[in-house]
Amino acid sequence: MPAGNSGGSSPFDAIRRTDENGEWWSARDLQPLLGYSKWEDFKNSIERAKVAIANSGQTADLHASARPEVLRSSSGTTRRMNFKLTRYGSYMVAMNGDPRKPEVAAAQTYFAVQTRKAETAATTAPALPQDYEEALVALLGQVRETKALAAENKVLAPKASKWDRFMNAEGLIGMTAIADMLNMPVKDLTNWLVDIGVFRKQRSRFGANTNMPRRMYQTSGHFVIKGESNGKVSYEVAYATLEGADFIIGEWDKRNAA
């Protein structure tokens, strides 16, 4: 849920959210505060930030995790991609933003200052309690700090990839699983991929729709075609790699943003 906003606080405080794992920022909320009018332009900053996070030895999906969203309104349902950003993730997004934008400089300053405050608070030794009442207050503060630290450690603990539960033993993801995530029939998903030139239209000898990825998307490592059998009939099945699954979600996001 969004954090409270006191008078005169930073706009970045106003959009800060909290859950059982601690504080975080929605990339969609951050976008206008960093001076971006187009989501696709802002998403490029996020992707650069994820690369920088990975290069620093951190887990990118931990600090900038993709979050497909479904928005419902009187005019219908819209699906879009968002990212849940930790403080560090938000800082890295700001650091990889357009340096010509004054909003980006303001965000860099905010997250740098907040990170420094957190580091300073963690290293400042508390004064010793002088009486029983102060000792109780100090104990309560310590309990709260321990709970907060446990929540932070839970966030920092290694997390599974968002695709892990969909992967088979070979590390591939079925098209049906991706279609389920997008809340659509797999036939509609592969037909859409045909429409945007990623799959080619194909039917089996039995007349069934078996659209398959084009060769260029196989050699690029986005998709794999596997030969399978039900014991009587052999057939081909398309699978997405991790890169392919992310690619599909990204293209779907572009479609909805257009």
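Up top is the structure these notes are about.
In this text the structure is predicted, and so the values were computed from the model without any measurement. (Residues numbered from 1 in each chain as written. Predicted model: local features only at pLDDT ≥ 70, side-chain atom pairs only at ≥ 80, totals over all residues. Heavy atoms only, no water.)

A. Structural context of the overall build of the chain. Regarding its fold elements, the chain presents eleven helices and nine strands. Evaluated residue by residue, the chain yields a buried proportion of 33% over its 258 residues. In the chain, the share of contacts with a sequence separation of at least 24, taken over all contacts with a separation of at least 6, comes to 48%. Of the roughly 15500 Å² of accessible surface on the chain, a fraction of 53% belongs to carbon and sulfur atoms. (Helix = DSSP H or I, 4+ residues; strand = E, 2+ residues; numbered from the N terminus. Buried < 20%, exposed > 50% of the residue type's maximum accessible area, 1.4 Å probe, protein only. Contact = heavy atoms within 4.5 Å. Areas by Shrake-Rupley, 256 points an atom, 1.4 Å probe, with all protein chains shown as cover.)

B. Local environment of unusual backbone geometry. Backbone geometry places N183, a non-glycine residue, at a positive phi of 60°. Residue placement: N183 occurs in the loop between α8 (175-181) and α9 (186-195).

C. Focus on the nonpolar core. Core analysis: the largest hydrophobic core is formed by 48 residues, its most contacted members being L30, L34, F42, M175, L189 and I248. If sequence neighbours within four positions are ignored, F42 has contacts with A27, L30, Q31, L34, Y36 and V93. (Core = buried A, V, L, I, M, F, W, Y, C linked by side-chain atoms within 4.5 Å.)

D. Layout of the sheet that holds strand β2 (residues 22-26). Overall, antiparallel pairing links the four strands, which are arranged β1-β2-β4-β3 in an open sheet. This sheet does not close on itself; its edge strands, each paired only once, are β1 (17-19) and β3 (64-73). Shown here is a sheet whose adjacent strand axes are inclined to one another by a mean of 40°, direction ignored. In the sheet, β3 pairs with strand β4 (residues 76-85) via ten bridges, with the strands oriented antiparallel. Across the sheet, the residue bridging to A64 is L85, located in β4. The sheet contacts of helix α3 (residues 39-55) involve β3 and β4, and relative to β4 the element is tilted by about 30°. Strands β2 and β4 of the sheet are contacted by helix α5 (residues 87-95), whose axis makes an angle of about 95° with β4. (Pairing = 2+ DSSP bridges. Axes fitted to C-alpha atoms, helices over the stretch in contact; angles between N-to-C directions.)

E. How the structure looks around the pattern of salt bridges. Scanning the entire structure with this criterion turns up nine salt bridges. E23 is paired through a salt bridge with R16; the nearest N and O atoms lie 3.8 Å apart. Owing to a relative accessible area of 29%, E23 belongs among the partly exposed residues under this scheme. With its nearest N and O atoms 2.8 Å apart, the salt bridge here joins R87 to E23. Taken together, the residues span a long stretch of sequence, with R87 in helix α5 and E23 in strand β2 at a distance of 64 residues. Residue class for R87 comes out partly exposed when judged on its relative accessible area of 25%. In this structure, a network of salt bridges that share partners links the residues R16, E23 and R87. (Salt bridge = Lys/Arg side-chain N within 4 Å of Asp/Glu carboxyl O.)

F. Structural detail: α9. When we look at burial in α9, the residues that qualify are L189, T190, N191, W192, L193 and V194. Close packing links the buried residues of α9 with α8, β6 (199-200) and α11 (242-257). G197 sits one or two residues past α9 and shows a positive phi near 85°.

G. Fine view of the packing of α3 against α5. For the pair α3 and α5, the least separation of the axes is 8 Å and the interaxial angle reads 115°. The element α3 and its partner α5 pack so that their crossing is right-handed. Taken together, the residues of α5 that come into contact with α3 (itself represented by F42, S45, I46, A49, A52 and I53) are Y88, G89, M92 and V93. Of the residues contributing to the contact of α3 with α5, the split by class is eight nonpolar, two polar and no charged. (Left-handed = near helix turned anticlockwise from the far one by under 90°. Nonpolar A, V, L, I, M, F, W, Y, C, P; charged D, E, K, R; others polar.)

The values are spatial; any link to function lies outside them.
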